[in-house]
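# Structural overview for review
Here is how the chains run, residue by residue.
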Amino acid sequence: MHGNSINKIIDALDLAPHPEGGYFKETYRSTDEINQSCLPEGYKGKRNYATCIYFLLTSDDFSAFHRIKQDEIWHFYDGSPLRLHTISESGLHQTQIIGKYFDKGETPQLIVPGGHWFGAEVIEENSYSLVGCTVSPGFSFNDFELKSKKELSNLFPHCKKIIERLTHF
Ligand code: GUN
């Protein structure tokens, strides 16, 4: 797909660059909040009940390995299927594909369990994937962790190859 058409989507949906790669816009943040005392251990401060974003990734970029505390629900909207890599805290590397070619085993939703490291790549060349990501408790950059190639490869030496490919620094 031509870069101009991708730019049109970025403009129309008012997306901004995301620190993990790609573009996003928060579309929902509940006004109600959960107090820290009612949240699982590890959350500092209160969180909204839930948040939702649009997330657009292009095939010349990737979403770098990062993690958050809560489960993240992904929804497929448009473009190429997207391959999501997860590495559990015990080091299990798994891939899942979100997309609409259901006969190939793709699914329109994916779940990333809280605490898993995850990164993503667009499968088709010259394309993009437009997805949604919903989390509850709501998203906060305080719960967001990015690690360097070196730090992550030291943690998961058997995943060095995929970590090298899906980290920016
Ligand atoms: N809001 C800003 N960044 C993110 C993200 O990576 N995931 C979710 N769910 N919400 C966000």
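See the structure printed just above.
In this text the structure is predicted, and so the values were computed from the model without any measurement. Every chain begins its residue count from 1, and numbering advances along the sequence as written. Where local features are concerned, this predicted model is filtered to residues with pLDDT of at least 70; where side-chain atom pairs are given and counted, the filter is 80 or more; whole-chain, interface and lining totals use all residues. Think of the side-chain values as coming from all heavy atoms in the structure, minus any hydrogens and water.

The step from serine 136 to proline 137 runs through a cis peptide bond, and the omega angle for that step is -5°. Secondary structure elements follow DSSP: runs of H or I of four or more residues count as helices, runs of E of two or more count as strands, with numbering from the N terminus. If you trace the backbone, proline 137 turns up in the loop between β12 (128-135) and β13 (145-146). The residue aspartate 14 is not glycine, and still its phi comes out positive at about 60°. Within the fold, aspartate 14 resides in the loop between α1 (3-12) and β1 (16-17). Its identity as a non-glycine residue notwithstanding, asparagine 126 has a phi of 50°, on the positive side. Looking at the secondary structure, you find asparagine 126 in the loop between β11 (117-122) and β12.

Below, the discussion takes up the packing of aromatic side chains. Note on aromatic contacts: the rings of Phe and Tyr and the six-membered ring of Trp form a pair at centre separations within 6.5 Å, being stacked when their planes are under 30 degrees apart, edge-to-face when over 60 apart, and tilted otherwise. Enumeration over the complete set of coordinates arrives at six aromatic pairs. Ring geometry for phenylalanine 141 against phenylalanine 144: centres 5.3 Å apart, planes inclined by 70°, an arrangement best described as edge-to-face. Three or more aromatic residues link up through ring pairs in this structure, and these residues are Phe55, Trp74 and Phe118. Over a ring means this: the NZ of a Lys or the CZ of an Arg is within 6 Å of the ring centre and within 35 degrees of the ring normal. Above the face of the tyrosine 101 ring, lysine 104 is positioned so that its terminal group lies 5.2 Å from the ring centre.

This is a description of form; function is not addressed.
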